[in-house]
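Observations on the model geometry
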Amino acid sequence: MFFKNISTMFKREFRAYFYTPLAYVFIGMFVFFMGIMFNSFLQNYLNYMQASAYQMGAQITIDRLAEAFYANMHVILMIMIPFFTMRLFTSESSQGTFALLMTSPIRTIELVIAKFAGAATIVLIMLGMTVIFPIFLFAFSDKSAQSPGPDMGIVGATYLGLVLISFTYVAIGTFWSSITESQLIALVFTFFNIFFLWLLSLWAQSTSGGVQATLQQMAVNEQFMSFSRGTLELKSFVIFLSYIIFYLFLTNRSIESRAWRS
Amino acid sequence: MIEVSNLVKKYGDFIAVQGISFKVEKGEILGLLGPNGAGKSTTMKILSAFMPATSGTARVAGFDVFEEPFEVKKRVGYLPENPPLYIEMRVREYLEYVADLKHLEKSRKKERVDYVIDRCGLGDNQKRIIATMSKGFKQRVGIAQALVHDPEVVILDEPTVGLDPVQIVEIRNLIKGLAGNHTVILSTHILPEVVMTCGKVVLINHGKVMVDDTVDTLTRGDTLEQAYLKIVTGESLAHTQH
């Protein structure tokens, strides 16, 4: 029953994104922005190639450029994901459909997982559409020493990092949508929360010792950066998964407590 | 089929329901009456396992709503004051979703969805997006979702609100038709409706049961309206004397 309930609610949740043009517009915008960025990335790469042909180029490799490209993608995801998660639970409250869910034989955790999975799938679709860029690079490089293609291992690790960090943001957004009936409030708090996690790495720079190390571990973008340099560490997985589980747990608590308060 | 004993619900300091008890036998239709704020909706929310009571017990379809809410939820169809509609969905799609949520067997899904669409007069509108429908139609979709999984117990919070006179008659007949196979609790402010559809009446005021009787006995001397006013205003007059 556990998976049956989740799949029932997940299907509705996923479809709900496409009842309005919102998802189409956002996915379209994302792909459009990434396309423009990829274009300028290629331009830069060609410039560096020319410069290094005259022995003037610095140690710029295609992998370093790809790292910058994906760092930009991460920032765009940071901005866009809260828009996908803000409606998750707020819409149930404002439409009164929460009463239907709470009087159906489902567990709140199944509902929470279904909601998270619905938004997470949208993000996966967005990320999936950008896979064309590294494939393009790989296909059109001649794999020579002067013009190597991107290291597909690093690209793979980067995507894994993007998926994990996006899911963390989705979990954060899921939580904030569960504590309010207002989409705007959910949006603002999700932004604030995500930027707070980002600020941790800046804060870490002004500290030292154990505090610095702890803050750096907690800053998700630091974890993501290690993925995009091609380092896969168990520690980073654990940190991302901890964030996701923590926020989904809080969401479950907030939904459960709602029945008692209503 | 439904057994409520000493049910209490507090919202902070406010006591919405103060120790009510009543019984509904299988196949009966019970009218839950009372002024606004009397505790009708709260009682219905507790019976549908939507929220727990502060104290007291309630058994619905043989299960305790607090101990075994899942078993209760499978067997109860609930229409809250505001119909719980996903307004961006189409009528049929929505009812199929509710059927899945309530664990209706796959083999019966089409038959049941067809049946409630037909009975609630939604046949011509089953492909419409709910958001584009009038209040009356939305209310009908709300009733349909409460019936789609063929529940033993049906709890309807003001089911005829927002309907026009013709629709009211239709829905009233629909509810009457549920008697026998289903046990129904409905709340309403329309007193003639109770006389026409319900066998039993429970009147609550200030969270307490004032009357628990059959419609026939209540309407023996007075009309139901007179009986209602006597109880409600008499009680509230006594209340103000303190």
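What you are looking at is a predicted structure, and each value in this text was computed from that prediction instead of being measured. (Residues numbered from 1 in each chain as written. Chains lettered and ligands numbered in written order. Predicted model: local features only at pLDDT ≥ 70, side-chain atom pairs only at ≥ 80, totals over all residues. Heavy atoms only, no water.)

Structural notes on the confidence of the model for chain B
Residue and element names in this part refer to chain B. Selection criterion: Per residue, pLDDT captures the predictor's confidence, and it can take any value from 0 to 100. Secondary structure counts use DSSP, requiring at least four H or I residues in a row for a helix and at least two E residues in a row for a strand, with both numbered from the N terminus. Residue contacts are defined here by distance: any two heavy atoms, one from each residue, within 4.5 Å place the two residues in contact.
Averaged over all residues, the pLDDT of chain B equals 87, while 97% of them reach at least 70. Across chain B, helix 3 (residues 91-101) holds the top mean pLDDT of 95, while helix 9 (residues 224-241) sits lowest at 65. The model gives residues 236-242 a pLDDT under 50, and that stretch makes zero contacts with residues more than four places away or in other chains.

A closer look at the packing of helix 9 (residues 183-205) of chain A against helix 11 (residues 220-228) of chain A
Residues and elements named next belong to chain A. We apply this condition: A fitted line through C-alpha atoms represents every axis, and for helices the fit uses only the stretch in contact; the resulting angles, taken between N-to-C directions, go from 0 to 180 degrees. Note on terminology: angles under 35 degrees are roughly parallel, angles over 145 are roughly antiparallel, angles of 65 to 115 are roughly perpendicular, and the others are oblique.
In the contact formed by helix 9 and helix 11, the axes pass within 7 Å of each other and the chain directions differ by 75°. Viewed along their axes, helix 9 and helix 11 adopt a mutual orientation that is roughly perpendicular. Across the interface between the two elements, Leu197, Trp198 and Ser201 from helix 9 touch Val220, Asn221 and Glu222 from helix 11.

Thoughts on the sheet that holds strand 4 (residues 55-60) of chain B
What counts, and what does not: Here the rule is simple: two strands pair whenever DSSP picks up at least two bridges between them.
The four strands lie next to each other as 2-1-4-5 (chain B), forming an open sheet whose pairing is antiparallel. Of all the strands in the sheet, just strand 2 (14-24) and strand 5 (63-64) of chain B have a single pairing partner and so form its edges.

Describing the interface of chain B and chain A
For clarity, the threshold we go by: Buried area is calculated as the accessible area (1.4 Å probe) missing from two parts once they are joined, with the contributions of both summed. Definition used for salt bridges: Asp or Glu carboxyl oxygen within 4 Å of a side-chain nitrogen of Lys or Arg.
Listed by partner, the interface residues are 29 residues for chain B and 27 residues for chain A. Both sides of the chain B and chain A interface together cover about 2500 Å² of buried area, and 64% of this is carbon and sulfur. The largest contributions to the chain B side of the interface with chain A come from Phe50, Tyr86 and Leu101 of chain B, which together make up 26% of the buried area. Taken together, the links from chain B to chain A amount to two salt bridges. Arg12 of chain A is the partner of Glu88 of chain B in a salt bridge, and the nearest nitrogen-oxygen pair spans 3.1 Å. Every element with two or more residues in the side of chain B that touches chain A is listed here: strand 1 (2-11), helix 2 (69-75) and helix 3 of chain B. The greatest single-element share of the side of chain B that touches chain A, amounting to six residues, is contributed by helix 3 of chain B.

Description of the nonpolar core
Our working rule: We define the nonpolar core as a collection of buried residues of types Ala, Val, Leu, Ile, Met, Phe, Trp, Tyr and Cys that are connected through side-chain atoms lying within 4.5 Å of one another. Three labels apply to residues, based on accessible area from a 1.4 Å probe with only protein chains included: buried if under 20% of the type maximum, exposed if over 50%, partly exposed otherwise in between.
If you look at the biggest cluster of nonpolar residues, it comprises 123 residues, and the most contacted ones within it are Met73 and Leu101 of chain A together with Tyr94 and Leu122 of chain B. Among all residues touching Leu101 of chain A, those that are not within four sequence positions of it are Met9, Glu92, Ile106 and Leu111 of chain A together with Tyr86, Tyr97 and Leu101 of chain B. In this structure, Val24, Leu32, Met51 and Val72 of chain B belong to the second largest nonpolar core, which totals 30 residues.

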